[in-house]
Amino acid sequence: MIRKILTDARLVTCAPGDAGYDARTGCIAIEDGRIVAIGAEPQGFADAERVDLAGRIVTPALIDCHTHIVFGGDRAVEFEMRLNGASYEEIARAGGGILSSVTATRAASEDDLVASALPRLDALLAEGVGTVEIKSGYGLTVDDELKMLRAARKLGQHRPVRIVTTWLAAHAVPPEYKGRDEAYLDEIVIPGLRAAHAAGLVDAVDGFCENIAFSATQMARVFDAASELGLPVKLHAEQLSHQGGASLVASRGGLSADHVEYADAADAAAMAAAGTVAVLLPGAFYTLRETQLPPVDAFRDAGCAMALATDCNPGTAPMTSLLLAMNMGATLFRMTPQECLRGVTANAAQALGLRDTGVLAPGMRADLAVWDIGHPAELSYRIGFNPLHQRYLEGEPC
């Protein structure tokens, strides 16, 4: 039995309500990687290892609940094209966008994908991130999608981090299936999902519901397959236009609808009723220079939980800073610093279906971030500054 007690900590629990944002001084008692008490020191810990945090703020370790950090190549040329006036859709229809990453990812070995993803992962961990969701979606063959998920799982063997994997073969139609969307679903997306599940490589199922990708009707077929396997669903929805994706994922009790710039009040109400989280991705909004803001007020009014994530990917969000995503959430989307912090802790955990992290409370994993800050709002306020003092994963410093 391994016991540890962190003393003189200013605890920001991120539990529901305003009190979860208040820094109150106390201790965190940890046993075998789990929090057993917060606040007052419990009995029986006299012989525990003691760590004096000298009044530093402690939050749950941050959670990046939407990333694509496993991929081959880069898309810097497309970044230049966008600056010269080309739209996201124009680049995609010309064979760029996701499909250019597909070519590079197919050419990369599993070890290549791990090696190229590690620096991106390290950047996230250096900012206090303890859990990272990683999607497939740049292979678009069964073998290449499985290769991506194996690489994602391997990242968790190379670094102290919790990895959650998502099947995203319904990301785009590859060139060899052009004009044959249904065949691609029948021959790659759904059989590959079954193979990934059988291999223990997938935790959830996602898709891109958009006029340049898959319709809500097509995604419903993928969700049917996920349901048969007992896998939760989520969806890239309402990013570039309103296609009915948010209401679809809510109707299936899905974990999250992500991007959601074109969601409306009815979507927000449906998502709130279903417990579906709105995952906001300001990095993509910024990179694409979008002007359609996500309906933050509608999500607030409906009581729909909002999360934030980097959306780290080679094209539309080449960003590896969750702290920057928090600043963008506040500055671009007018979220409060409290909403931003909950968006990368408790609400991000909900968006991944995780019930043992994201909040400081007895019984939760002792995944913690210790910060050299005076107030939790500093995590959203600063730009390009990392105040992390120490990260803990299951009670161990890392």
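Along each chain, numbering runs from 1 in the same order as the chain's sequence is written. Where local features are concerned, this predicted model is filtered to residues with pLDDT of at least 70; where side-chain atom pairs are given and counted, the filter is 80 or more; whole-chain, interface and lining totals use all residues. Note that water and hydrogens are dropped before the side-chain values are worked out from all heavy atoms of the structure.

- Per an unreviewed UniProt entry, the recorded name for the chain is Imidazolonepropionase, and the organism is Paracoccus aurantiacus.
- UniProt positions are given in the numbering used here, feature names are shortened, and annotations may be inferred rather than shown by experiment. Per its UniProt entry, the chain bears the Catalytic activity (unreviewed entry) comment "4-imidazolone-5-propanoate + H2O = N-formimidoyl-L-glutamate".
- In its Pathway (unreviewed entry) section, UniProt records this for the chain: "Amino-acid degradation; L-histidine degradation into L-glutamate; N-formimidoyl-L-glutamate from L-histidine: step 3/3."

### Brief notes about the environment of Asp372
Consideration 1: Counting from the N terminus, the helices are DSSP H or I runs at least four residues long and the strands are E runs at least two residues long. Relative to the helices and strands, Asp372 resides in the loop between strand S14 (368-371) and helix H15 (378-381).
Consideration 2: Here Asp372 falls in the partly exposed class, since its relative accessible area comes to 41%.
Consideration 3: Note: C-alpha distance between Asp372 and Arg289 (83 residues apart in sequence) is 33 Å.
Consideration 4: Pairs of N or O atoms are called polar contacts if they sit within 3.5 Å, as long as, within protein, a hydrogen donor faces a hydrogen acceptor (for residues adjacent in sequence, only side-chain-to-side-chain pairs). A distance of 2.5 Å separates a polar atom in the side chain of Asp372 from a polar atom in the side chain of Arg56. Think of it in three bands: residues with accessible area under 20% of the maximum for their type are buried, residues over 50% are exposed, and the middle band is partly exposed, with areas taken using a 1.4 Å probe on protein chains only.

### A closer look at the domain arrangement of the chain
Consideration 1: Note that the domain bounds were set by an automatic or database domain assignment. In terms of domains, the chain is made up of domain 1 (3-60 + 359-397) and domain 2 (62-352).
Consideration 2: Contacts are assigned to residue pairs that have any heavy atoms within 4.5 Å of one another. Taken together, the 26 residues of domain 1 in the interface contact 20 residues of domain 2.
Consideration 3: The junction of domain 1 with domain 2 conceals about 1800 Å² of combined surface from both sides, 59% of it contributed by carbon and sulfur atoms.
Consideration 4: Contact with domain 2 buries area across many residues of domain 1, yet Tyr21, Ser380 and Arg391 alone supply 32% of it, more than any other trio.
Consideration 5: What makes a salt bridge here is a side-chain nitrogen of Lys or Arg within 4 Å of a carboxyl oxygen of Asp or Glu, nothing more. On inspection of domain 1 and its partner domain 2, the count reaches 0 salt bridges.
Consideration 6: Taken together, the links from domain 1 to domain 2 amount to 7 residue pairs in polar contact (both at pLDDT 80 or more).
Consideration 7: At the level of secondary structure, the elements contributing two or more residues to the side of domain 1 that touches domain 2 comprise strand S5 (57-60), S14, H15 and strand S15 (388-393).
Consideration 8: Put simply, Ala, Val, Leu, Ile, Met, Phe, Trp, Tyr, Cys and Pro go in the nonpolar bin, Asp, Glu, Lys and Arg in the charged bin, and everything else, Gly too, in the polar bin. Looking at the side of domain 1 that touches domain 2, its residues break down into 18 nonpolar, 4 polar and 4 charged. What gets called buried area is simply the loss in accessible area from a 1.4 Å probe that two parts show on being joined, summed for both.

### Examining the UniProt feature "binding site: Zn(2+)" (unreviewed entry) in the chain
Consideration 1: Here, UniProt's "binding site: Zn(2+)" (unreviewed entry) annotation points to His66, His68, His236 and Asp311. A stretch of 246 residues holds the annotated residues, and the largest C-alpha distance among them is 12.4 Å, short enough that they meet in one place.
Consideration 2: Residue position: His68 is located in the loop between strand S6 (62-64) and helix H1 (76-83).
Consideration 3: The exposure class assigned to His68 is buried, which follows from its relative accessible area of 2%.

### A short note on helix H12 (residues 322-331)
Consideration 1: In terms of burial, H12 is a largely internal element, 8 of the 10 residues being buried.
Consideration 2: Its side-chain oxygen placed 2.9 Å from the backbone nitrogen of Leu324, Ser321 serves as the N-cap of H12.

### Some points on the packing of helix H6 (residues 181-198) against helix H7 (residues 216-229)
Consideration 1: Running from N to C, H6 and H7 point in directions that differ by 20°, and their axes come no closer than 10 Å. Compared by their axis directions, H6 and H7 come out roughly parallel. In the crossing of H6 with H7, the sense of the turn from one axis to the other is right-handed. Contacts between H6 and H7 involve Asp181, Glu182, Leu185, Asp186, Val189, Ile190, Leu193, Arg194 and His197 on the former and, on the latter, Gln218, Arg221, Val222, Ala225, Ala226, Glu228 and Leu229.
Consideration 2: Considered class by class, the residues forming the contact of H6 with H7 number 8 nonpolar, 2 polar and 6 charged. Only C-alpha atoms enter the line fits that serve as axes; for helices the fit covers just the stretch in contact. Angles between N-to-C directions range over 0 to 180 degrees. Every angle not falling under 35 degrees, over 145, or within 65 to 115 is termed oblique; those three ranges are roughly parallel, roughly antiparallel and roughly perpendicular. For any helix crossing, the convention is left-handed if the near helix is rotated counterclockwise from the far helix by under a right angle, and right-handed if that rotation is clockwise.

### Observations regarding helix H9 (residues 265-274)
Consideration 1: Turning to H9, its buried residues number three or more, namely Asp267, Ala268 and Met271. The arc that holds the buried residues of H9, viewed along the axis, is 100°, so those residues lie on one side. Opposite the packed face of H9, turned more than 90 degrees from it, sit the exposed residues Ala265, Ala266 and Ala273.
Consideration 2: The inward-facing, buried residues of H9 contact helix H8 (245-251), strand S11 (256-259), strand S12 (277-280) and helix H11 (296-302).
Consideration 3: Backbone nitrogen of Ala266 and a side-chain oxygen of the N-cap are separated by 3.2 Å at the start of H9; the cap is Asp264.
Consideration 4: Immediately downstream of H9, the backbone of Gly275 shows phi near 75°, a positive value. Starting at the helix axis, one direction is taken to each C-beta atom, and the arc is that of these directions.

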